[in-house]
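A structural walkthrough
Here is what each chain is made of, one letter per residue.
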Amino acid sequence: MKKLFIQTYGCQMNLADSEEMAAHLAARGFELTELLEEADLALVNTCTVRDHAEHRALSLLGRLRRWKREKSGRRIIFAGCAAQRLGEKLKKTFPYLDLISGAKDIDSFSTLLDKSGLFPSVPGAGNNAAQPGVSGYVTIMRGCDFACSYCIVPSVRGPVHCLPSADILKRAAQKAAEGYPEIVLLGQTVNAWREEGKTFADLLNEVSALPGVERVRFVSPHPAFITPEFLAAVEHNPKIARHIHLPVQSGSSKVLKEMKRGYTRELFLEKVDALKARGFAVSTDIIVGFPTETLQDFEETLSLVERAGFSAAYCFKYSPRAGTPAAQMKLWDEKTLEERLDILLNRVRGLAEAAYQRQVGKPVQILMETPDKGRTSDNFWAQTKKSYTIGTMVQSQAQSAQGTLLLTRD
Ligand code: SAH
Ligand code: SF4
Ligand code: F3S
């Protein structure tokens, strides 16, 4: 059996794509290894959302030159969003690449493998199903129809394409039957999913009703589709996790307009309030140093963070991406970016701990990921007194919080 080493960068969609590519390679006789030294094939699945992410993938590719020389017959596949952006240009700098498969090629990956002639099918070959864990990922849509002025995703992933609900339900049922009690639905703007006669909320409710499904999560939703109708359709279904990751990007309505996010600070806060009123914890993504972000705009981000009471926030320095409208604008200097990021990170650090403190005394429903630790429905880490089988749901109460860990009464 030949061995396959996979390095995945970027978001959960990329992780799910890596799983899919691994399955096609399994049919060609490749089994997974965690050790690059024993691998015959290295699959690098890349991200290009910020320059730093792309740089990491390219520097690994640089290191793989030697790895490939060390043993004859070794192969390299370069896949994902950076592969989509750079395409055949990569062959100039990295002539030793065997196959380039951009993010948009994911549905034709198997055909690409066949066409290359390098990876013949092996009759009766096994599969590369990961060891059953707690969360089973199911991609429900690909691409993005928004056009945020800083973002390269629509250009590397293409327009929205929703998978049919029949396929999604089949896949989710299969994951549940394999032993994943939590199903995570994935898409770049996951809640943009729709089908004739069916809403995203309908889909969530249907997935949650499948045998063996204990909990349903979804990433990443866009605020535009968090509507009163959506909330009404999900709020009474306890299997839908009480946590939502809702990227805000900026707290200034002026900057949000220039980012083309399609909402104001006030509208976003209304949505957060509506979610919190129904028991949802809200986390977010924030970009600092967008070209038109003045000090006053940045202060509005700081005040929004306090006001929204996020349970977590991922903060990024603005990174210009070639071909996006914002890339034409004048950049802030690195020192300003660093300073703003530092200030924001300091504010955010306290937020998570405060959110954990607010949970103390509340009932918690923990899905165990280790014998004594797991995640609550609202996505807080919790430690139990007793030991449980991984994957079981434990009902208890949060007795205290230590930093970002809840301790339960169980
Ligand atoms: N589709 C998701 C986000 C996908 S990209 C959404 O719209 O919510 C993940 C995160 O990367 C974004 O939320 C944003 O905070 C960040 N990001 C995207 N482009 C960026 C850029 N050019 N510079 C810095 N951060 C960026
Ligand atoms: Fe990028 Fe905006 Fe689409 Fe998210 S919604 S992927 S930030 S363009
Ligand atoms: Fe990165 Fe592509 Fe995901 S650019 S964030 S891996 S969609």
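In the block above lies the structure referred to throughout.
Quick look at the structure, then. (Residues numbered from 1 in each chain as written. Chains lettered and ligands numbered in written order. Predicted model: local features only at pLDDT ≥ 70, side-chain atom pairs only at ≥ 80, totals over all residues. Heavy atoms only, no water.)

Strand order in the open sheet formed by three strands is β6-β9-β10, and the pairing between neighbours is parallel. The sheet is open, and its two edges are formed by β6 (135-139) and β10 (215-219), each paired on a single side. On average, each strand axis in the sheet is tilted by 25° relative to the strand beside it, whichever way the strands run. Inspection of the sheet shows strand β9 (residues 182-186) paired to β10 by five bridges, in the parallel sense. Residue pairing for β10: Glu 182 is matched across the bridge by Arg 215. Its contacts with the sheet put helix α1 (residues 12-26) on β6, β9 and β10, and the angle it makes with β6 is roughly 90°. Where helix α8 (residues 200-208) meets the sheet, its contacts fall on β9 and β10, and the angle it forms with β10 comes to roughly 145°. (Pairing = 2+ DSSP bridges. Helix = DSSP H or I, 4+ residues; strand = E, 2+ residues; numbered from the N terminus. Axes fitted to C-alpha atoms, helices over the stretch in contact; angles between N-to-C directions. Contact = heavy atoms within 4.5 Å.)

All told, the structure shown has 28 salt bridges when counted by the stated rule. One salt bridge in this structure joins Glu 19 and Lys 175, with 3.1 Å as the shortest N-O distance. Of this pair, Glu 19 sits in helix α1 while Lys 175 is found in helix α7 (residues 165-177), placing the two residues 156 residues apart along the sequence. Assessed through its relative accessible area of 32%, Glu 19 is described here as partly exposed. Lys 175 gets classed as buried once you look at its relative accessible area, which sits at 5%. Among the salt bridges present, the one from Asp 98 reaches Lys 68, with a minimum N-O distance of 2.9 Å. Of this pair, Asp 98 sits in the loop between α4 (90-93) and β5 (99-102) while Lys 68 sits in helix α2 (residues 51-70), and the two are 30 residues apart along the sequence. With a relative accessible area of 17%, Asp 98 lands in the buried category. Within this structure, Asp 17, Glu 20, Arg 142 and Arg 157 form a network of salt bridges that share partners. (Salt bridge = Lys/Arg side-chain N within 4 Å of Asp/Glu carboxyl O. Buried < 20%, exposed > 50% of the residue type's maximum accessible area, 1.4 Å probe, protein only.)

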